[in-house]
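# Structure assessment
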Amino acid sequence: MGKIFKVFGGALERLNAYVQENGGRYSAVRENVLEHACMLPQPFTAEQLEKACQLEKISSGTIYNCLQLFLKANIVHATKRQKGHQATEYELITGNPIRMQRICQKCGRVTNFRAPAIDRLIREQKTPSFFMQHYTLFIYGECRRCRMDSLEKRKKKS
Ligand SMILES: [Zn+2]
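Note that the structure is predicted; figures quoted are calculated from it, not measured.

Attention now moves to the sheet that holds strand S1 (residues 44-45). Pairing within the open sheet is antiparallel, and its three strands lie in the order S1-S3-S2. Only two strands of the sheet have a single neighbouring strand rather than two, namely S1 and strand S2 (76-79). Across the sheet, helix H4 (residues 60-72) lies against S1, S2 and strand S3 (89-92), angled at about 105° from S2, the strand it touches most.

What follows concerns the nonpolar core. Among the nonpolar cores identified, the biggest contains 23 residues, and Val-33, Leu-34, Phe-44, Leu-49, Phe-70, Ile-75 and Leu-92 are the most heavily contacted of them. Elements with a contribution of two residues or more to this core: helix H1 (11-21), helix H2 (28-39), H4 and S3. The element best represented in this core is H4, accounting for five residues. Filtering out sequence-adjacent residues up to four positions away, Phe-44 remains in contact with Ala-37, Leu-49, Leu-67, Thr-88, Glu-89, Tyr-90 and Leu-92.

Calculation notes
- Residues numbered from 1 in each chain as written.
- Predicted model: local features only at pLDDT ≥ 70, side-chain atom pairs only at ≥ 80, totals over all residues.
- Heavy atoms only, no water.
- Pairing = 2+ DSSP bridges.
- Helix = DSSP H or I, 4+ residues; strand = E, 2+ residues; numbered from the N terminus.
- Contact = heavy atoms within 4.5 Å.
- Axes fitted to C-alpha atoms, helices over the stretch in contact; angles between N-to-C directions.
- Core = buried A, V, L, I, M, F, W, Y, C linked by side-chain atoms within 4.5 Å.
- Buried < 20%, exposed > 50% of the residue type's maximum accessible area, 1.4 Å probe, protein only.

Below is the structure:
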């Protein structure tokens, strides 16, 4: 599962750097919570994160503390929904200004790629009501190795 961190531009490295600078201690639980946060569709609520951490039996208090730390460390930002009393939503901040990544849904391998034509298209979508700073493009699928594996398995069956 560790590869998923790469999607969010070294979220784990940034967390560790922040903890070190502030004299904190290493925490496997905190790392675990971050990993779960990276796996969730963005943005997510504290409740969703709690649910994702259920198997590890991480308390809601710990998750709350982790989220506060992630906020301070600039790994996530909070986006409050304006309507009603909806819960705060959290979103991971990507490290790189521009990111195009292919993610294998079988093994979690992440590969960066460049597509100048797509980049140009996105930059041309100018609107006066929104100023774009950066974007992230994820393409989900199956990497070559996993594809070969599943083809091989299919061959063996027939
Ligand atoms: Zn794969």
